[in-house]
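Secondary and tertiary structure notes
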Amino acid sequence: ALQDDGGGVDLSDLRRTVDGIERDCPVGLPQLEDVRRQAAEAGRWEDLAADAANAAARPSSSSSGDAPGRDDGDGDEALTEKRLTLDRAERLVRRGELLSLRPSGLVRLRDRAERARALRRRVADWNEARSAAAGGASKNVRFVSGLIKQANRIDLSFPELMTLTGAHRRAEEWTDRASVAVRSTISHDELEDLVETGKGLPLDVGDVLDKLRTRLANANEWIGRVEEIVPRADGRLTWLRRFRSALDDENDQGRLVSLVSEGSRIPVTTETMTLLQVEIDARNWASRARPWIPEDVGGPPGGAGAPSRRGKVDDVENHLERASAIRDRLGFDERKDWRLDGEEDLAAMVQMAQGWYEKYDDVINYDSRSKKRKLRLSLSKLNAMASEASLIPL
């Protein structure tokens, strides 16, 4: 039991062996007292090492010189905060090496400390390479993940590890967001933010950043081509009016419609596309509304020119609802001041029809089965109803 084959002495086995010798030996051996004393010293060291490990695992409101740098993050950094520090482990090892008896716990802790020092050198080399590259990415995420896995196995903390785990966490969070973005449509603002954040990461995130950069470049190039035809305005309503004016030009209309088709294949949502598509849809809406609108729908009675096609009230009301749906797609407060060509005319026509219905509601909704009231209409009233209805262009 006293033999140390390089792995240290197991104190539990040693105590059992000593107890067995004392029990079986007919005479007392003074050497056993020395062994018991050495085992007791080694036991106190193991208790001290266990207390240090348990103290590191407990959350504390105060910090000491042995505690690793605190971080309020989660994941790997939170785990690192709970580890026994390398500095404390080295002090325990130095104290343990003064023992007459080398316990197995000392051997294991010394081995962990040696591996932690080697890892610390690798982390320091990584950090120096990153600094030499002026903050540029020096290693990929997989390389750093390997270092963190080693640190988790060793389970000893040192300050440089906090920098490593912080960089790794930011890179993983960015990669999670970027991987979703690569597979889906993303807003232009979010894409710009992802690209800028990815460029500032201290780790190489692979070709994901290149894919997002390419997509952003394509979107910006498309926006630039649209703005060559319709320059951006300070206000959205002004820009919408510019789009509507350009769509009235046959040449510009063809180019803009072609650009919308091209832009729809770029998986990036932009305000430019939204405003242009809304004005194109508004133009299509107005082309269907135009045959229903007389030349002077707001003029004096009898003065309105007849529409080329009388629409049904329900159809016109549904068309006005589609106008509201187009306006809601703008998504900003000023949209309430934006109108489609012909929208106010159709609304006035529907209001005329509703006024006529309300005026003659008792006649239109008369129930012939009612015994309480008999409806008697004069010919002059019927003529008046028909005459007023003829003035409504619906």
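Residues numbered from 1 in each chain as written. Predicted model: local features only at pLDDT ≥ 70, side-chain atom pairs only at ≥ 80, totals over all residues. Heavy atoms only, no water.

Another aspect to go through is the overall build of the protein chain. Per the secondary structure count, the protein chain includes 16 helices and 6 strands. Counting the 394 residues in the protein chain, one finds 35% classified as buried. For the protein chain, the exposed area adds up to about 23,000 Å²; of that, 46% sits on carbon and sulfur atoms. (Helix = DSSP H or I, 4+ residues; strand = E, 2+ residues; numbered from the N terminus. Buried < 20%, exposed > 50% of the residue type's maximum accessible area, 1.4 Å probe, protein only. Areas by Shrake-Rupley, 256 points an atom, 1.4 Å probe, with all protein chains shown as cover.)

Before going further, it helps to examine the environment of Ala-353. Within the secondary structure, Ala-353 is located in helix α14 (residues 343–359). On the accessibility criterion, Ala-353 (4% relative accessible area) is buried. On a C-alpha basis, the gap between Ala-353 and Leu-391 in space is 9.7 Å, while along the polypeptide they are 38 residues apart.

Counted by the stated rule, this structure contains 2 aromatic pairs. An angle of 70 degrees between the planes, with centres 5.5 Å apart, marks the rings of Trp-356 and Tyr-357 as edge-to-face. For Trp-356, a relative accessible area of 17% puts it in the buried group. (Phe/Tyr/Trp six-rings, centres within 6.5 Å; stacked < 30°, edge-to-face > 60°.)

Right, let's get into unusual backbone geometry. Not every positive phi belongs to a glycine, and Asp-155 is a case in point at roughly 65 degrees. Take Asp-155: it is sitting in the loop between α6 (141–154) and β3 (156–157). On the basis of relative accessibility, which here comes to 36%, the residue Asp-155 falls in the partly exposed class.

All told, the structure shown has 1 cavity of 30 Å³ or more when counted by the stated rule. Taken as a whole, the largest cavity holds about 50 Å³ of empty space. Lining the largest cavity are Ala-219, Trp-222, Gly-263, Ile-266, Val-268, Thr-270 and Met-273. (1 Å grid on protein atoms, 1.4 Å probe; cavity = no way out; pocket = protein on both sides within 12 Å on 5 of 7 lines; lining within 4 Å. Points joined across faces, edges and corners; volume = space filled by probe spheres on them.)

The subject of this paragraph is the packing of helix α7 (residues 159–182) against helix α8 (residues 188–199). At a closest axis distance of 11 Å, the pairing of α7 and α8 adopts a crossing angle of 140 degrees. Judged by the inter-axis angle, α7 sits oblique to α8. Judged by the twist between their axes, the crossing of α7 over α8 is left-handed. From α7, Trp-174, Arg-177, Ala-178 and Ala-181 reach across to α8, where they touch Glu-190, Asp-193, Leu-194, Thr-197 and Gly-198. When grouped by side-chain class, the residues that make up the contact of α7 with α8 number 4 nonpolar, 2 polar and 3 charged. (Axes fitted to C-alpha atoms, helices over the stretch in contact; angles between N-to-C directions. Parallel < 35°, antiparallel > 145°, perpendicular 65-115°, else oblique. Left-handed = near helix turned anticlockwise from the far one by under 90°. Contact = heavy atoms within 4.5 Å. Nonpolar A, V, L, I, M, F, W, Y, C, P; charged D, E, K, R; others polar.)

This next bit is on the pattern of salt bridges. Evaluated as defined, the whole model comprises 24 salt bridges. Arg-115 is the partner of Asp-111 in a salt bridge, and the nearest nitrogen-oxygen pair spans 3.2 Å. Of this pair, Asp-111 and Arg-115 both sit in helix α5 (residues 104–132), 4 residues apart, which is roughly one turn of that helix. In this structure, Glu-343 engages Arg-327 in a salt bridge whose closest nitrogen and oxygen atoms are separated by 2.6 Å. With Glu-343 in helix α14 and Arg-327 in helix α13 (residues 313–328), the pair connects residues that are 16 residues apart, well separated along the chain. Residue Glu-343 shares its accessibility class with Arg-327, and that shared class is buried. Several salt bridges share partner residues, and in doing so they unite Glu-227, Arg-232, Arg-236, Glu-271 and Glu-334 into one network. (Salt bridge = Lys/Arg side-chain N within 4 Å of Asp/Glu carboxyl O.)

Now for the packing of helix α9 (residues 207–229) against helix α12 (residues 271–289). Two numbers describe how α9 lies on α12: the axes approach to 10 Å, and their chain directions differ by 45 degrees. The orientation of α9 relative to α12 falls into the category oblique. Seen along the crossing, α9 lies across α12 with a hand that is left-handed. Listed contacts from α12 to Trp-222, Ile-223 and Val-226 of α9 are Thr-272, Met-273 and Leu-276. Split into classes, the residues belonging to the contact of α9 with α12 amount to 5 nonpolar, 1 polar and no charged.

The biggest cluster of nonpolar side chains holds 80 residues, and the ones touching the most others in it are Leu-164, Trp-174, Leu-212, Leu-256, Trp-285, Trp-338 and Leu-346. Dropping the residues within four chain positions of it, Leu-256 is found in contact with Val-226, Ile-229, Val-230, Ala-246, Leu-247 and Leu-276. Listed in part, the 9 residues of the second largest apolar core include Val-9, Leu-11, Leu-32 and Leu-101. (Core = buried A, V, L, I, M, F, W, Y, C linked by side-chain atoms within 4.5 Å.)

For the protein chain, mean pLDDT is 81; residues scoring 70 or higher make up 80% of the total. Low confidence marks residues 59–82, where pLDDT is under 50. Its contacts with residues over four positions away, or in another chain, come to 33 contacts. (pLDDT = per-residue confidence, 0-100.)

With 14 residues, α6 should reach 20 Å at 1.5 Å per residue; the first-to-last C-alpha distance of 20 Å fits that figure. For α6, the full list of buried residues reads Val-141, Val-144, Ser-145, Leu-147, Ile-148, Ala-151 and Ile-154. (Expected span 1.5 Å × (residues − 1).)

What follows concerns the environment of Glu-192. Assignment of secondary structure puts Glu-192 in helix α8. Each C-alpha atom of the pair Glu-192 and Arg-213 lies 8.6 Å from the other, and the pair is 21 residues apart in sequence.

This next bit is on the side chain of Arg-244. Mapping Arg-244 onto the fold places it in helix α10 (residues 236–247). Reaching out from Arg-244, the side chain makes a polar contact with the side chain of Glu-279 at a distance of 2.9 Å. When neighbours within four sequence positions are excluded, Arg-244 is seen to be in contact with Glu-279, Ala-282, Trp-338, Arg-339, Leu-340 and Asp-341. (Polar contact = N/O pair within 3.5 Å; in protein donor to acceptor, adjacent residues only side chain to side chain.)

Before going further, it helps to spend a moment on the environment of Trp-285. With respect to the helices and strands, Trp-285 occurs in helix α12. Taking the C-alpha atoms as reference, Trp-285 lies 8.0 Å from Leu-340; in sequence the two are 55 residues apart. Other than its neighbours up to four places away in sequence, Trp-285 contacts His-319, Leu-320, Arg-322, Ala-323, Ile-326, Leu-340, Asp-341, Gly-342, Glu-343 and Leu-346. Separated by 2.7 Å, the side chain of Trp-285 and the backbone oxygen of His-319 make a polar contact.

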